[in-house]
Each structure stands twice: as C-alpha cells, then as structure tokens.
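# Working through the structure, step by step
Each chain is listed here by its residues.
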Amino acid sequence: MTTDLSENAGEPRETPPAAGQAVAAVDPRLLVREEGFAGYWSEFRRKLRSGELGSLPVVVGLIVIGLVFQVQDSAFLGAENLSNLFVTAAGTGLIAVGIVFVLVLGEIDLSVGSVSGLAAAVLAVLNVHHGVPEWLALLLALLTGALAGGLHGFFFARIGVPAFVVTLAGLLGWNGLMLQVLGANGTVNLDDSGLVAALTNHYFTDIAAAYGLATLAVAAFFLASWRDSRRREAAGVPSRPLSELALRTAALAVPAYVVAWLFNQYKGLPLAVVIFLGVVVASDFVLRRTSYGRKVFALGGSVEAARRAGIDVAAVRISVFALSGATAALGGMFLASQINAANQSSGAGSLLMNAIAAAVIGGTSLFGGRGSAWSALLGALVIQSIASGMALLGIASAVQYMITGAVLLAAVVIDSLSRRTQKTAGRA
C-alpha cells in the first residue's frame, strides 16, 4: 500500500497496490499436476463432462473391435492379418488425410474417389502405353490429382459454386475422363516389379527396420514434447513435468514396439506403412505447427472472422482442395498397387464413403474447425479392422456396410453431442 495526499480532503488515503504487486492467478492446470493422480483423474472427468473427448472414443472403439473379432477368430490379431490390415488401410487412409483438411475447412469433397481412379489411369497409360518412365508417370499422376482438386477449389472459392455441387460434378466428370483415358480395353496392367507395385508389396525384412522406426517415433515424440515443455516453462506458462513426459512416452512406446514385433513376425516393416505414417506426420505438422494450418482452422471456425483478420480466404480454399486432390491421387497409386493394375472400377464402389467415414470416425468434425491428420490413420484402421474381421468370419459384405454405417453414425452423434456439451460448458 502507498499513501497519497488528496487535494480535496487534505488528508492521507490509501491507494490500491500496483498491477505488478497484484496476486497472480494460479493456472488450474498447475493445481492439477500438484494434486498428482487425483488431480489428473478430476481433470479427465471434467473434460468428459465438458465434451472434450479427443481421440478417446475411436481408441476405445479400436480396442473393442480387436477384442470382439479376436474372440471370434484368433487369427485376427495375428501378425499376418495385422500386417495386411495396415497395408490395405494405407490407400484409403491417404485419401482420408486430404478429406481431413477439407472437413476442417468446413466443406466436403465428393470427388476424391474419381480423382484417385483418374490418377491411376493416367499413370498406367503413360507408363505402359507411351513408355514414360514410371517415376515421371507417377509425378504426373500426382500433379493430375492436384490440378483436379485446384480446379474444384477455383470454382468454389472464386466463382462461388458450393463445394458439394462442384465436387459432385467432379465425381461424375473425372470418372468419365478415367474411362476415356483407359480406352476400350478398360484395364491396364502395371509392371509387377515396378515402383508402384512396390508401394504395397515391398517389406523391409531386417528386424532393425521395424524396431528402428518405433524407436525413432518414440524418441521424436519425447524430444518434441520436452522441447515444447521447455519453451512453455521459459515463457512462464504451465508446462508438463519430466515425469509426465516420461509416462506419456512410455504409453506410446508400448503399442509402437508391439506393432514392430508383429511386423517382424510376418514379412517385416511394410513400405506402405512407412509412407502412410510419413504423410500423416507431415500433415499433422502442417495443420498444428504452421501459419497455414492455423489459417485453415480459422476458416473452419468463421470465414468472416478469418477474412477480417487478413487471411486470403480464396487462396487457402483453393490450396486445400488441391491438397485433397493430390492425396487422393497418392491413395490411388496405393490402391492400384494392391491389384497391380488400373481398371474401370478404380476409385469406384465404397471408396469415397470409406475415405470420408475414416476422417469422421477418426475424430474430425463434420462442422468444421476441429480435426487432426491422425484422424485419418485411426479412422482407416477402424474401417479396415471391421472389413478384415468380417472377411475372417465369412460375413457378407452387406452386413459390413451396415456395421460401418452404424459406426459412422455413432461418430457423428458423438461429435454433435460433444459440440453441444462444449457450448453448454462455454468452451465452444
């Protein structure tokens, strides 16, 4: 306290303490950590009540799916089945990565299936019929996907055509162009020893490869978490203690090394898994750690607010759809690799719905503004786990569609309830 002489009263009066002397508010997250396990349990319950579920529902769902099918058939969690499950999920998962960006933007892309088929057709025809080197044909196929997506983004962002309409037109148009590119024969077989074939058929047989990737992932997670904690500590904001970082790292290390062990029990580490994980990690970094990613989230939250903040709305929208087209083309390469050919059914069937379902089931909101590239990985594993389990049990595909639809509906219901709960709690 300080004393000041008032001109009117002529007597001393007390003045409030200076701002710097005010008692600082204690961040509740610090109290949580000081309380130990009880504090974390209370915080977990608070997050559940406020609708902050994160990836918890899909992780629990994966565990339940695994246990149910393992009880029905002991081969489900076997090394061969899980290895094939990861490889098969890569194609749909890569397409879902681009869908995540579009959904975060608050839009939808219905053309990804047709774009993936067109890219596969372009690669096959250029390489097989015109003698273009496979690596160059692969790059041109990816460019085709990016250009198709960019065209959708142009009509949406510059002309004002709703994304649903323009990508629906793309679904039809690119499928027709794919049939035209393939020609009367309708099927172009790829070189079974070529680059594209290796995407899903090459395995790193040395056991050090799988364990090395697991070690790299665990070490990178710990170092990134530790660096973030040090940076927050230097800035004077709440940070995670070293003991918590070690516990979180151990929680990641256990499944990472178990999966690596399973891969080594079959053929080794699949190249498809390495590429898929690399794309997911890179996409996650772009979304969460770059100004571009923050712009995408800002548009998903409020277009008008983003515009007032100086964000080039049209440019971001066009780039997101171009990215979606490029990842669809990359996914198309993996799908073509699985059958070693491009044909009239490429990109057709349930591929589009599975890609969108993977993104949504994995935790990306259909309402925009919330999502993660890891959603594509988790969602693709859920869908492929259902398909793999059904195949092992000999259940008809019709039942598989119904179950996948029910899981998708459950994911959307959870998302809707979560948003409603967050609004009630004042955190939306």
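About the criteria used
Residues numbered from 1 in each chain as written. Predicted model: local features only at pLDDT ≥ 70, side-chain atom pairs only at ≥ 80, totals over all residues. Heavy atoms only, no water. Helix = DSSP H or I, 4+ residues; strand = E, 2+ residues; numbered from the N terminus. Buried < 20%, exposed > 50% of the residue type's maximum accessible area, 1.4 Å probe, protein only. Contact = heavy atoms within 4.5 Å. Areas by Shrake-Rupley, 256 points an atom, 1.4 Å probe, with all protein chains shown as cover. Expected span 1.5 Å × (residues − 1). Salt bridge = Lys/Arg side-chain N within 4 Å of Asp/Glu carboxyl O.

## What to know about the overall build of the chain
Helix and strand content of the chain: 17 helices and six strands. Relative to its full complement of 428 residues, the chain shows a buried share of 41%. Considering only residue pairs separated by 6 or more positions, the chain has 77% of its internal contacts joining residues 24 or more positions apart. Total accessible area on the chain is roughly 21,700 Å²; 64% of this is exposed by carbon and sulfur atoms.

## Quick look at helix α7 (residues 163-182)
Its 20 residues place the ends of α7 28 Å apart at the C-alpha level, agreeing with the 28 Å of an ideal helix rising 1.5 Å per residue. For α7, the full list of buried residues reads Ala163, Val166, Thr167, Gly170, Trp174, Met178 and Leu182. Of the surrounding secondary structure, the elements contacted by the buried residues of α7 are α5 (112-129), α6 (134-159), β3 (187-189), α14 (313-339) and β6 (341-343).

## Describing the pattern of salt bridges
Across all of its chains, the model carries four salt bridges by this definition. Measuring nitrogen to oxygen at the nearest pair gives 3.1 Å for the salt bridge that ties arginine 288 to aspartate 284. Of the two residues, arginine 288 and aspartate 284 both sit in helix α11 (residues 271-289), four residues apart, roughly one turn of that helix. Residue classification places arginine 288 among the partly exposed residues on the basis of a relative accessible area of 47%. One network of salt bridges, with partners in common, ties together Glu304, Arg307 and Arg308.

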